[in-house]
Amino acid sequence: MPVSRKVIATLAAAGLGLGACSGAGGGSGGSDDKTITVLMVGNPQMEDIAKLTAEHFTKETGITVRFTILPENELRDKVTQDIANQGGQYDVATIGAYEAPIWAKNGWLRELSTFADADPAYDRADLLEPIVESLSGEDGKLYAAPFYGESSFLMYNKELFAAKGITMPERPTWRQVAGFAAQLDDKAGGVAGICLRGLPGWGEVFAPLTTVVNTFGGTWFEKDWTPKVNAPEFSEATKFYVDLVRAYGQPGASQSGFTECLNTFGQGKAAMWYDATSAAGTLEDPAASRVAGKVGYAYAPVEKTSAAGWLWAWAWAMPKTTTHSESAWEFISWATSKEYEKLAGEQLGWSRVPSGKRASTYELPQYQESARSFADVTLRAIEEADPVNPGLQPRPALGVQFVGIPEFADLGTKVSQEVAAAIAGGTTVDQALADGQKLAEEVAAKYK
């Protein structure tokens, strides 16, 4: 435990509107220095820490933590608005591997390496290198501390597969997955062949879809910034994805994101689900999932590449505007520590540990036992993810499931809206990508 921790606080209800932390007199003191505001995404692991903070962190430190928890798309809008505009409303915010290096370059975040290196109990060297690299700036310093790291893989209901006599390969192809979906789809029985994200958002539908584009040989941009959104490979991948979810996917697919697919698959209403490795912890919790103990895990499906999993981390960042840097680091350090992982395991169940960030997690006997069905696949998928060369051609910017430039958030979101419309039957993939190509050309013109 970091040595500077102190005594008592309260946890505000999730979702409360929070004012800016003003008049605090910096991170080393001030009358309000014991209260921090934290903005975070509404994923299960985040909701877990909200439940545990008051009783544990608060009593040990005296730091009041006020959480605002939002769905992913809303979180992205809110955090971008506040941090980019130097609003100063939050002392800590969850951002990801896309934002961290860009916002570091813009000077919007406090670097965390100095805090981590001065905190001997933190053990920065224990953090997984691919995750650290994804959250570092051009100067090599850490600008967000990982709460959990993830890649992507294919989850499948072993009971449904066994009933049909189907065996899932360790490394399936997308063609095989489509065939399995056709065999397992049972609309009359309320079971979809597969669940796939269709919700608009560059981090929603285009998180899985861009990995499909990569493995089909496509890319958003070539090395010289030539846009390829309506190229044959991008088009083939998108049509495959749209056709697959329209034929064998879940009801309301165009409005299904991570949370909706987690619920669908977790209730036994889909035979397969391709998504984040971090979902496994919830799926293996009997209190939260009807398919606990019934799920198999395979590597991300491929077409022309040897691997296809994405690389992501939800991480805690400290905006430059915070006036509570010491208290903010106290929370970040605790939330990303070995200590917190053990607390979550003991209090909530070991499958619920926010994993994918520390090597030591995978050495814990309790975690190994609880996560034996997915831990090794998760760790290897993270290690195999290649943000530099995720496809068949050189890329102009880092990123597996995104393009690491500021303009991608707007570009990816606008094209995703067109793709979601195609999933809903309101337009065609050809029209969606033709419109997307024009938008990509505008972006490319800034870099050529």
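Residues numbered from 1 in each chain as written. Predicted model: local features only at pLDDT ≥ 70, side-chain atom pairs only at ≥ 80, totals over all residues. Heavy atoms only, no water.

By the naming in an unreviewed UniProt entry, the chain goes by Sugar ABC transporter substrate-binding protein and is assigned to Polymorphospora lycopeni.

Caption draft 1: Here's a closer look at the pairing of strand β8 (residues 312–317). Counting buried positions along β8 gives 6 out of 6 residues, so the element sits mostly inside the fold. The alternating pattern of β8 places Trp312, Trp314 and Trp316 on one face and Ala313, Ala315 and Ala317 on the opposite face, and all of these are buried. Pairing of strand β3 (residues 92–95) with β8, which is carried by 3 bridges, proceeds in the antiparallel orientation. Bridge pairing links Ala93 to Ala317 in β8. The pairing of strand β4 (residues 145–150) with β8 spans 5 bridges and is classified as antiparallel. Across the sheet, Gly149 pairs through a bridge with Ala313, a residue of β8. (Buried < 20%, exposed > 50% of the residue type's maximum accessible area, 1.4 Å probe, protein only. Helix = DSSP H or I, 4+ residues; strand = E, 2+ residues; numbered from the N terminus. Pairing = 2+ DSSP bridges.)

Caption draft 2: Inspection of the layout of surface pockets at higher detail. Of the voids in this model, the largest pocket is the one considered here, and its volume is about 550 Å³. If you go around the largest pocket, you meet 26 residues; those closest to its centre are Ala97, Pro101, Ser136, Leu398 and Gly404. Listed by contribution, the elements that provide at least two residues to the lining of the largest pocket are α3 (99–105), α5 (129–134) and α15 (375–384). Looking at the lining of the largest pocket residue by residue, the class counts come to 16 nonpolar, 6 polar and 4 charged. (1 Å grid on protein atoms, 1.4 Å probe; cavity = no way out; pocket = protein on both sides within 12 Å on 5 of 7 lines; lining within 4 Å. Points joined across faces, edges and corners; volume = space filled by probe spheres on them. Nonpolar A, V, L, I, M, F, W, Y, C, P; charged D, E, K, R; others polar.)

Caption draft 3: Spotlight on the nonpolar core. Core analysis: the largest hydrophobic core is formed by 148 residues, its most contacted members being Trp174, Trp220, Met272, Trp273, Trp316 and Phe331. With 7 residues, helix α9 (residues 232–248) is the largest single contributor of residues to this core. The contacts of Trp220, once residues within four sequence positions are left out, are Phe206, Thr210, Thr226, Pro227, Lys228, Val229, Phe234, Val403, Phe408, Leu411, Gly412 and Val415. (Core = buried A, V, L, I, M, F, W, Y, C linked by side-chain atoms within 4.5 Å. Contact = heavy atoms within 4.5 Å.)

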